[in-house]
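Structure assessment
This is what each chain is made of:
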Amino acid sequence: MLRTAVLAFALSLGVAAVQAQTPAATDFSQQNANWQNKRLAGLTAPSGWLSLIGLDWLKEGANRVGSAADNDLVLKAGPAHLGVVTLSKDGSTHIVFDKHSGATVDGKTVPEATLVDDMHAGDGAPSVVAFGSASFLVIERDGRKALRVKDSNAETRTHFQGLDYYPADPSWRIVADWVPFDPPHELEIGSVLGTVNKEKVPGKAVFHRDGHTYELMPIQEEPDSLFFVIADRTSGKETYGAARFLYADLPKDGKVVLDFNRAYNPPCAFTPYATCPLAPPENRMDLAVTAGEKNYRGSHH
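The sections below set out a description of the structure shown in this document.

Criteria and cut-off values
- Residues numbered from 1 in each chain as written.
- Predicted model: local features only at pLDDT ≥ 70, side-chain atom pairs only at ≥ 80, totals over all residues.
- Heavy atoms only, no water.
- Buried < 20%, exposed > 50% of the residue type's maximum accessible area, 1.4 Å probe, protein only.
- Helix = DSSP H or I, 4+ residues; strand = E, 2+ residues; numbered from the N terminus.
- Pairing = 2+ DSSP bridges.
- 1 Å grid on protein atoms, 1.4 Å probe; cavity = no way out; pocket = protein on both sides within 12 Å on 5 of 7 lines; lining within 4 Å.
- Points joined across faces, edges and corners; volume = space filled by probe spheres on them.
- Nonpolar A, V, L, I, M, F, W, Y, C, P; charged D, E, K, R; others polar.
- Polar contact = N/O pair within 3.5 Å; in protein donor to acceptor, adjacent residues only side chain to side chain.
- Disulfide = S-S within 2.5 Å.
- Phe/Tyr/Trp six-rings, centres within 6.5 Å; stacked < 30°, edge-to-face > 60°.
- Lys NZ or Arg CZ within 6 Å of the ring centre and 35° of its normal.
- Salt bridge = Lys/Arg side-chain N within 4 Å of Asp/Glu carboxyl O.

**Re the pairing of strand β14 (residues 225-230)**
Across the six residues that make up β14, a large majority, six, are buried. Across the two faces of β14 the burial is the same, with Ser-225, Phe-227 and Val-229 and Leu-226, Phe-228 and Ile-230 all buried. Pairing of β14 with strand β15 (residues 244-249) involves six bridges; the strand directions are antiparallel. Within β15, the residue paired with Leu-226 across the bridge is Ala-248.

Here it is, written out as structure tokens:
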């Protein structure tokens, strides 16, 4: 069964109880518990990463889609024959529904529609095709397009085994020096698909731990934060092997706060249908970061 956010909050408070109850420690523990609570709620949401049930790559031309075996793309949920998705030479995708599909596009019942993928949605959202408890949207990766299929009744969601963390530790909330790059550097980041993307890096965070100096390079997916894809000596042992993710606020006065208590697993730790980045060599630390989220005990790996 799904673990609730209340359970995660209670477990976090149990960790906090063994810490010194100074106002600073209490505040840190409360903030950490709140973050874990929000993390769990997002992950276990009906359309969260645990709901993925498929990643089906489109071929150019017509792709018959549905749960019956005679389709080109056989879905794990939904009507036997949902419709036909056509991928044009110009990269556009168009769906014509079977008259008995009962499907909608962005909440509307239509006979057919052109679908906006995740890379061309701009400030909006990609088109969502919904049918019963399941849905899909079109994603683009390295010039290829696929259907990312979700189902709120996915076994990975209904049998979720919860999140495990190292004990909250304020010493892992590190104030690092920020060294800006002008112009930005370029960083090659691989993915589980075997692709390599070149990303702009605005600078590097430099910090010290146990007498050693470490550097981490972020990319900037959002204008108001830095995104680090990291690995360390716990990776593949106590934590997920490919990478963990860490967000940080933008630098202020030459400093950036790296709170490793908020390092968390990428979607690929929970599902084989995600397209996660791998930690680049520059962000693989010869340091055991015993903070943040541990490997998922129900991992498919």
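**Side note on the layout of surface pockets**
Counted as a void, the largest pocket has a volume near 1,500 Å³. For the largest pocket, the lining is made up of 43 residues, of which Trp-49, Arg-141, Glu-221, Phe-227 and Tyr-247 are closest to its centre. Every element with two or more residues in the lining of the largest pocket is listed here: α2 (23-43), β9 (134-141), β10 (144-151), β11 (173-190), β12 (196-209), β14 and β15. Counting residues per element, the lining of the largest pocket draws most heavily on α2, at five residues. A breakdown of the residues in the lining of the largest pocket according to their chemical character gives 21 nonpolar, 10 polar and 12 charged.

**Description of the side chain of Thr-44**
One can find Thr-44 in the loop between α2 and β1 (52-57). Thr-44 gets classed as buried once you look at its relative accessible area, which sits at 12%. There is a polar contact of 2.8 Å between the side chain of Thr-44 and the backbone oxygen of Leu-40.

**What about the state of the cysteines?**
Using the criterion set out here, one finds one disulfide in the structure. Cys-268 shares a disulfide with Cys-276; S-S distance 2.5 Å. Looking along the S-S bond of the Cys-268-Cys-276 disulfide, the torsion reads about 105°, which is the right-handed sense. When sorted by exposure, Cys-268 lands in the same class as Cys-276, which is buried.

**Thoughts on the packing of aromatic side chains**
In this structure the tally under the stated criterion is 11 aromatic pairs. Here the aromatic cluster, defined as three or more aromatic residues joined through ring pairs, consists of Trp-35, Phe-227, Phe-245, Tyr-247 and Tyr-264. In this structure, Arg-144 packs its charged tip against the face of Trp-57, placed 4.1 Å from the ring centre. Sitting above the plane of the Trp-172 ring, Arg-209 keeps its charged end 3.6 Å from the centroid.

**Observations regarding unusual backbone geometry**
Excluding glycine, residues mostly carry a negative phi; peptide bonds, for their part, are mostly trans. Asp-182 connects to Pro-183 through a cis peptide bond whose omega is 5°. Structurally, the position occupied by Pro-183 is in strand β11. One non-glycine residue with positive phi stands out, namely Asp-210, at about 55°. Here Asp-210 is to be found in the loop between β12 and β13 (212-216). Judged by relative accessible area, which is 64%, Asp-210 ranks as exposed.

**Thoughts on the pattern of salt bridges**
Opposite charge on two side chains permits them to pair, given that their charged atoms come into close proximity. Tallied over the full model, the rule gives 13 salt bridges. In this structure, Asp-72 and Lys-59 form a salt bridge, with 3.8 Å as the shortest nitrogen-oxygen distance. Placement of Asp-72 in the loop between β2 (61-66) and β3 (73-74) and of Lys-59 in the loop between β1 and β2 is noted, with a sequence separation of 13 residues between them. Overall, the relative accessible area of 35% leaves Asp-72 in the partly exposed class. Among the ionic pairs, Asp-72 bridges to Arg-64, the shortest N-O distance being 3.2 Å. By relative accessible area, Arg-64 is classed as partly exposed at 42%. One network of salt bridges, in which partners are shared, links Lys-59, Arg-64 and Asp-72.

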